[in-house]
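# Reading the structure
Take a look at the letters that make up each chain.
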Amino acid sequence: MKRWIQISVLSILIACVANIWYLNHQAVDLKRDIYYTQGRTSQMIQSLYKRDCELLSKMLKQKDELINRPTVASVAEDVIKSVVYIEVKGKVQDQNSGKMVDAHYFGTGFVYDTEGYILTAGHLINNMKLLKDPVMSVTCYNGEIFEVLVKILINREEEPNLPDIGLIQIDTKGTKLTPVILGDKNLSVGETIISIGHPKHLTFSVSTGIVSRLGNTPFYPNGLYLQTDTAINPGNSGGPLFGLDGRVYGISVFVLRFDERMVLEYFHRKHDEVAE
């Protein structure tokens with residue numbers, strides 16, 4: 001009986017030691033799992049924090065870009081002072097009476113440099129030969145009127161594939177002119193385009209559209225043109241075509257009459273040729 005009791009007590013002690021060892025082992029595993037979970041949680045929190053910071057930074061950058069992005073109004077306000085109104089007056093023979101009568105036509109140009117050189121459409125200069133005693137004058141945005149001293153025409157009658165560009169020089173009388181900046185990038189289809197000119201004597205009118213197409217045309221296959229849906233009318237000839245960066249990327253030269261909204265502009269990227 002006594003031996004049986006001893007065996008029972010020993011068995012109980014062994015069981016207790018085994019349970020204590022098992023519980024201690026479980027506690028160690030649990031502690032390790034807690035540490036592992038805490039580490040993973042910390043990594044996840046750090047990863048999420050980093051991602052959210054990057055997302056917030058990107059959103060703030062996009063917000064700044066939207067706030068600082070130029071608008072048509074802001075660009076037009078900055079560049080319109082570089083645009084000029086060109087008027088040509090003279091005499092022409094009336095086909096019915098045969099008498100000489102007053103005649104005039106008008107167009108647009110823009111200041112190329114501070115020396116008084118102004119770029120415009122070549123046909124504005126070329127058409128002067130249709131008038132007797134023609135006189136060309138230039139009116140700036142501030143209302144000042146200047147006499148034209150020099151007229152240079154790229155003769156498209158001899159070279160029909162040359163661009164429709166003319167160059168005139170005015171006597172600035174010491175007036176400080178504001179030249180445009182020629183664009184230094186390639187435009188893409190869909191980009192915003194701003195036209196400033198004098199359609200039907202509505203001086204210094206602003207219209208806007210997009211670049212619809214880039215390339216040559218059947219009319220002047222060797223030239224480089226852009227097509228735009230910007231509103232262009234008689235009087236816009238020679239006017240600048242601005243991008244949202246405020247730089248000039250084209251000169252208004254002709255309209256496709258079958259669709260008033262379809263306009264082709266001369267697109268000139270070889271600035272060294274303009275300078276020459």
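First things first, this report covers the structure right here in the doc.

Reading the values: the criteria
Position labels on residues start from 1 in each chain and follow its written sequence. With the structure being a predicted model, the display of local features is reserved for residues of pLDDT at least 70 and the display and counting of side-chain atom pairs for 80 or more, all residues being used for whole-chain, interface and lining totals. Water and hydrogen atoms play no part in the side-chain values, which are based on all heavy atoms of the structure. In DSSP terms, a helix is any run of H or I states spanning at least four residues, a strand is any run of E spanning at least two, and both are numbered starting from the N terminus. Polar contacts here mean pairs of N or O atoms no more than 3.5 Å apart (in protein, one a potential hydrogen donor and the other a potential acceptor; neighbouring residues in sequence count only if both atoms are side-chain atoms). Only one rule defines a salt bridge in this text: a Lys or Arg side-chain nitrogen within 4 Å of an Asp or Glu carboxyl oxygen. Per-residue accessibility, obtained with a 1.4 Å probe over protein chains only, is compared with the maximum for each type, and a residue is labelled buried under 20%, exposed over 50%, and partly exposed between these values. One bridge is not enough; two strands pair if DSSP finds at least two bridges between them.

In this section: the side chain of T120. Its location among the elements puts T120 in strand β3 (residues 117–121). Side-chain polar atoms of T120 contact the backbone oxygen of T108, separated by 2.7 Å.

Moving on: the pattern of salt bridges. For the coordinates displayed, the defined rule picks out one salt bridge. The residue D102 makes a salt bridge to K91 at a minimum N-O spacing of 2.5 Å. Note that D102 is positioned in strand β2 (residues 100–111) and K91 in strand β1 (residues 83–93), a separation of 11 residues in sequence. A residue is classified by how much of its surface remains accessible, and D102, at 62% relative accessible area, is exposed. For K91, a relative accessible area of 34% corresponds to the partly exposed category.

A separate point is the pairing of strand β8 (residues 205–215). In terms of strand pairing, strand β7 (residues 192–197) meets β8 through six bridges, oriented antiparallel. Within β8, the position partnered with I193 by the bridge is G209. As defined by bridge partners, β8 adjoins strand β9 (residues 225–228) across four bridges and the pair is classed as antiparallel. Bridge pairing links R213 to Q227 in β9.

Distances and angles like these do not, on their own, reveal function.
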